[in-house]
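A structural walkthrough
Below are the chains, spelled out letter by letter.
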Amino acid sequence: MTGKIEETRKLPAPFTEGEYQLIRSSRRTIAVEVTRDARMIVRAPYRATQKAVDYFISEHADWIEAHLAKMRTRQNILAAKSIPPIDPAEIRYLANRAVQEIPPRVERYAHIIGVTYGRITIRNQTSVWGSCTAKGNLNFNCLLMKMPSDVVDYVIVHELCHRRQMNHSALFWAEVAKYCPNYQEERKWLRDNGAIYIQAMNEGLRRIV
């Protein structure tokens, strides 16, 4: 059998209510995921019986409930901080602005750090603020244009430091600290607020469907 089979199922005991998405594929084991928007996804092999899936969920009920609660709390916090939806027109504006503003800043920090880089690409990603390939090509999220300047600089420095260390080891973070001494504050700002912008963009895109 090829492809995936997806269906919606009711949660078994000890849950008293709720549903989850069951995805069957050629994988060998059962796994559960709680998404950022507080949805539950269970991935299972084609051969796994529903009884086996329900047993797996019941065995991991404490973990599931804890993570669902965490994500629901996170959703409430984001709702309290919500910003207006970001529609496709604004995304294009942000992308054009990023094309103008980010490359000069990359060039400046690359000179300071003493590294080279390849192509710079601007995207509207839903989970990544920046990335660096093994060849030195850099990708940046256009939503950075809505964030504080220090945060943008941190993301740029972060990616350029991967030209020295293609990992997140202690050596890598030591490199980042050399050129962005307050990087922990900027990193925390992204963790605390970044999802708000992703949520606003997703909402703006949903409204045109």
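Our subject is the structure listed above.
In short, a report on the structure. (Residues numbered from 1 in each chain as written. Predicted model: local features only at pLDDT ≥ 70, side-chain atom pairs only at ≥ 80, totals over all residues. Heavy atoms only, no water.)

Before going further, it helps to spend a moment on the packing of helix α4 (residues 149–161) against helix α5 (residues 170–179). For the pair α4 and α5, the least separation of the axes is 9 Å and the interaxial angle reads 135°. Viewed along their axes, α4 and α5 adopt a mutual orientation that is oblique. The interaxial crossing formed by α4 with α5 has right-handed handedness. Contact residues: α4 offers Tyr-154, Val-157, His-158 and Cys-161, while α5 offers Phe-172, Trp-173, Glu-175, Val-176 and Tyr-179. The class makeup of the residues in the contact of α4 with α5 is seven nonpolar, one polar and one charged. (Axes fitted to C-alpha atoms, helices over the stretch in contact; angles between N-to-C directions. Helix = DSSP H or I, 4+ residues; strand = E, 2+ residues; numbered from the N terminus. Parallel < 35°, antiparallel > 145°, perpendicular 65-115°, else oblique. Left-handed = near helix turned anticlockwise from the far one by under 90°. Contact = heavy atoms within 4.5 Å. Nonpolar A, V, L, I, M, F, W, Y, C, P; charged D, E, K, R; others polar.)

The next subject is unusual backbone geometry. The residue after Ala-13, namely Pro-14, is reached through a cis peptide bond having omega 10°. Relative to the assigned elements, Pro-14 resides in the loop between β1 (5–10) and β2 (19–25).

We now examine the nonpolar core. Ranked by internal contacts, the top residues of the largest apolar core, which has 39 residues, are Ile-102, Phe-140, Leu-160 and Val-176. Every element with two or more residues in this core is listed here: α3 (88–113), β7 (138–141), α4, α5 and α6 (183–206). Residues within four places of Leu-160 in sequence aside, it is in contact with Val-106, Tyr-109, Ala-110, Ile-113, Val-115, Tyr-117 and Leu-138. Listed in part, the 19 residues of the second largest apolar core include Tyr-20, Val-42, Phe-56 and Ile-64. (Core = buried A, V, L, I, M, F, W, Y, C linked by side-chain atoms within 4.5 Å. Buried < 20%, exposed > 50% of the residue type's maximum accessible area, 1.4 Å probe, protein only.)

Along the polypeptide, Met-40 turns up in strand β4 (residues 40–45). Between the C-alpha atom of Met-40 and that of Ala-69, which follows or precedes it by 29 residues, the distance is 12 Å.

Attention now moves to the pairing of β4. Most of β4 is tucked away, with five of its six residues classed as buried. Pairing between strand β3 (residues 31–34) and β4: four bridges, direction antiparallel. What sits directly across from Ala-31, in β4, is Arg-43. Counting the residues in the hairpin turn of β3 and β4 gives five residues, including Ala-38, whose phi is positive at 60°. (Pairing = 2+ DSSP bridges.)

Moving on to the sheet that holds β7. Across the sheet, which stays open at both edges, the three strands sit in the order β5-β7-β6 with mixed pairing between neighbours. The sheet terminates laterally at β5 (120–123) and β6 (130–132), the two strands that pair on one side only. On average, each strand axis in the sheet is inclined to that of its neighbour by 15°, with strand direction left out of account. Across four bridges, the pairing between β5 and β7 is parallel. Note that in β7 the partner of Arg-123 across the bridge is Asn-141. Sheet strands touched by α4: β6 and β7. Its angle to β7, the strand with the most contacts, is close to 160°.

Okay, the sheet that holds β2 next. Taken in spatial order, the four strands make up an open sheet running β1-β2-β4-β3, and their pairing is mixed. The open sheet is flanked by β1 and β3, the only strands paired with a single partner. Each adjacent strand pair in this sheet contributes to an overall mean axis angle of 25°, direction not counted. Against the sheet, helix α1 (residues 50–59) contacts β1, β2, β3 and β4, and its axis sits at roughly 125° relative to β2.

The next thing to look at is the pattern of salt bridges. Applying the stated rule across the entire model yields nine salt bridges. Here Asp-153 and Arg-105 are joined by a salt bridge, their closest N and O atoms 2.9 Å apart. Here Asp-153 is found in helix α4, whereas its partner Arg-105 is found in helix α3, with 48 residues between them in sequence. Arg-105 matches Asp-153 in its accessibility class, with the two residues each being buried. In this structure, Glu-175 engages Arg-164 in a salt bridge whose closest nitrogen and oxygen atoms are separated by 3.0 Å. On the criterion of sequence distance, the pair formed by Glu-175 in helix α5 and Arg-164 in the loop between α4 and α5 is long-range, its members being 11 residues apart. Assessed through its relative accessible area of 37%, Arg-164 is described here as partly exposed. Overlapping salt bridges bring together Glu-7, Arg-9 and Arg-24 as one network. (Salt bridge = Lys/Arg side-chain N within 4 Å of Asp/Glu carboxyl O.)

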